[in-house]
Amino acid sequence: MTSFNRSTSRRLKKLTQIPSVWEGDRRPLSSPNQVSDSEAKGECILWVDYSQGVVRGMDVVASDTGPEAIVRTLMQAMEHPQSPARPARPQRIVVKDREIQFYLRGVLQDLDIAIDYAPELPLIDELFRGFADILDSQTPDLPPQYAQILREKAFAIWQAAPWEFLQEQQILSIEINKWDVGTLYASVMGMLGMEYGILFYRSEESLKQFRAAVLTDEESTEHLEEAFLKQDCLFLTFESVDETDEDEDEEDDLADLPLSEIDPTFGNIHPLEGLRSVLYDEEALVILVAIESLSRFIRDHRRQLHEDIFPTLGRRYRISLPQSEESTKSVPVTVSTMPQLAAELEEMAGFGIDGEEIDNLDFQSLRDDLIPEDSFLSLGVVSWEILDSLRKGVSYHQASEIKQVGDGLPVILIQTSRPKAKTVIERIEAAGGLRAICFNPGADLFDGDRYDLGLLQTQNSELFLFGEFLDEDPIHVEARKKWNQRCKNTQGYCGLIIAKGLTGASRGNPQLRDMMALFEGRSLSPKDLGIGTLQLMPQLKFE
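These lines cover the structure that appears in this document, whether it is placed above or below.

## Some thoughts on the sheet that holds strand β2 (residues 43-49)
Phase 1: The sheet built from five strands is open, its strands ordered β3-β2-β1-β4-β5 with mixed pairing. At either end of the open sheet lies a strand with only one pairing partner, and these are β3 (54-61) and β5 (114-117). Averaged over all pairs of adjacent strands, the angle between strand axes in this sheet comes to 20°, irrespective of strand direction.
Phase 2: Two elements, β2 and β3, share seven bridges in a ladder whose sense is antiparallel. Looking at β3, one finds that D49 is bridged to V54.
Phase 3: Contacting β1 (17-28), β2, β3 and β4 (89-95), helix α2 (residues 68-79) runs over the sheet at an angle of about 145° to β3.

Written as structure tokens, this is what we have:
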């Protein structure tokens, strides 16, 4: 058995011993009425002074924590008690667990404290009854009678992955006409690989107002947050079960995780309520019916929804309701595509680019798995003389005849290790080569940071993130000015150089011999790309 160091025992014995009785116990943090043990809430350790009626020490520990924890909390109760208690040592301790009694007798044998057993601990029993009442009064995130089936339907949506073929502006109407809900307007999030889920707007007006508000003032973070909270919708989002890693750059794409590591979150956004992660009974039934009808519609029309042009489709379903106080056993629901609204939203966002050389309608996704995280990155220029030598000595993909105006070809240079560089080159080649390079605005909705996002577009229309630059970074601002001017000189032509030597003497300054590939392409403006400001959506998660 572990015992105190002699110095610790001497220190504790110096505390004034008061003629009082302390109660101590360790119990699960749950209510007897809570039958689900799916969430481990831990155990609470309490030490109270029964004579004075005050709590001296309290701690919450994991259920599998050893008996040492109750001693640690006792030491805290003696040396650093909660106010208004003063540091002291009791004459007597009472517990209701024989194992705890015997354990404490062994550990505290040098402190002149009597350790007794009692079947009841009046003060602690009363405190834990109060804790149980608080837990019982808390509103669960989902109504218990609908929680399991809602999660099952959510996982069905996750496996159907509608974001693989539906863009956010391709709205589906879900006509329910029950529970004071007429039609919901479903917007699928996830094609950009940033936030996966579905927003169920309660009105077409709310959907349009949010899009218009975001597009009107993309530079104001406060405005974006206000617009976000003014939406009127129910939502289903997905996140990783393990959210402990603060460095999101090192996390895997959510879509690559197994189903066991995905956690669905439900909630509501309303201008007068704000954002909450709790659904009440009627809201739970509404979103249950909406998810089930949407799943069936996707199953029945998956092939048509994959087409380049958003088709006109509609289908009627009868959705069975789970057993509840509702007298109705099923609800008729009609799900339809809304091509006209989709076109209107695209026009609002400026997606149409008539006469442009680049067709953005086949934009599929934004990925960040092409460029290795530890790469060296720079915006620069290659002189026309060096460019000729480079074309002869490396893997070279020519875009077109480039007019040699100015000091050279503007290039993005990526330096990494030789094996990683080889992989990057092979992946770009497998995608048909480089189509374009673009710097597109990005925003973190709540932190307030604005970004200049460096994007590579391959010939198969995929977009890859190669860099995130703060708008306020003076070095990047100057580099961008030079980049824009050089691209103007070359009539929009630019290049991407992949180089090795990240760990060698040429780190940060690759020489011609380190350069392994040159991809030439076009420089696109954000308007040319037509995807608007990319927003880092908040994780709708609450403690």
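## Let's talk about the pairing of strand β8 (residues 196-201)
Phase 1: The buried fraction of β8 amounts to six of the six residues, a majority that puts the element mostly inside the structure.
Phase 2: Residues Y196, I198 and F200 point to one face of β8 and G197, L199 and Y201 to the other, with burial holding for every one of them.
Phase 3: Both strand β7 (residues 181-189) and β8 contribute to a ladder of five bridges, which runs antiparallel. Across the sheet, Y185 pairs through a bridge with Y201, a residue of β8.
Phase 4: Pairing between β8 and strand β9 (residues 233-240): six bridges, direction antiparallel. Each bridged residue has a counterpart across the sheet, and for L199 the counterpart in β9 is F235.

## Describing the packing of α2 against helix α3 (residues 98-107)
Phase 1: Interhelical geometry of α2 versus α3 gives an angle of 60° and a closest axis separation of 10 Å. One way to sum up the angle between α2 and α3 is to call them oblique. Between α2 and α3 the crossing geometry is right-handed. Contacts between α2 and α3 involve E68, I70 and V71 from the first element and I100, Y103, L104 and V107 from the second.
Phase 2: By residue class, the composition of the contact of α2 with α3 is six nonpolar, no polar and one charged.

## Some details on the environment of Q457
Phase 1: Considering the arrangement of structural elements, one finds Q457 in strand β19 (residues 450-458).
Phase 2: Placed 26 residues apart in sequence, Q457 and A431 show a C-alpha to C-alpha distance of 9.6 Å.

## What about the nonpolar core?
Most often, soluble globular proteins have nonpolar side chains that are buried together.
Phase 1: Ranked by internal contacts, the top residues of the largest apolar core, which has 52 residues, are I174, I176, F200, F238 and F266.
Phase 2: In terms of residue count, helix α8 (residues 281-305) provides more of this core than any other element does, 12 residues in total.
Phase 3: Setting aside chain neighbours within four positions, we find I174 in contact with G182, T183, L184, A186, F200, A290, S293, L294, V333, T334 and V335.

What counts as what
- Every chain begins its residue count from 1, and numbering advances along the sequence as written.
- Predicted model: local features are reported for residues with pLDDT of at least 70 only, side-chain atom pairs are reported and counted for 80 or more only, and whole-chain, interface and lining totals are derived from all residues.
- Calculated side-chain values reflect all of the structure's heavy atoms, with hydrogen atoms and water omitted.
- A pair of strands counts as paired when DSSP detects no fewer than two bridges linking them.
- By definition, any uninterrupted DSSP run of H or I lasting at least four residues is a helix, any uninterrupted run of E lasting at least two residues is a strand, and each is numbered from the N terminus.
- Angles shown run from 0 to 180 degrees and are taken between the N-to-C directions of axes, each axis being a line fitted to C-alpha atoms and, for helices, limited to the stretch in contact.
- The contact criterion used throughout is that any non-hydrogen atoms of two residues lie within 4.5 Å.
- The buried label goes to any residue with under 20% of its type's maximum accessible area, the exposed label to any with over 50%, and the partly exposed label to all in between, with areas taken from a 1.4 Å probe on protein chains only.
- Roughly parallel refers to an angle under 35 degrees, roughly antiparallel to one over 145, roughly perpendicular to one between 65 and 115, and oblique to any angle outside these ranges.
- Two helices crossing with the near one rotated counterclockwise from the far one by less than a right angle form a left-handed crossing, whereas a clockwise rotation gives a right-handed crossing.
- Gly falls in the polar group here, along with every residue not listed as nonpolar (Ala, Val, Leu, Ile, Met, Phe, Trp, Tyr, Cys, Pro) or charged (Asp, Glu, Lys, Arg).
- Residues belong to one nonpolar core when they are buried, are Ala, Val, Leu, Ile, Met, Phe, Trp, Tyr or Cys, and are joined through side-chain atoms within 4.5 Å.

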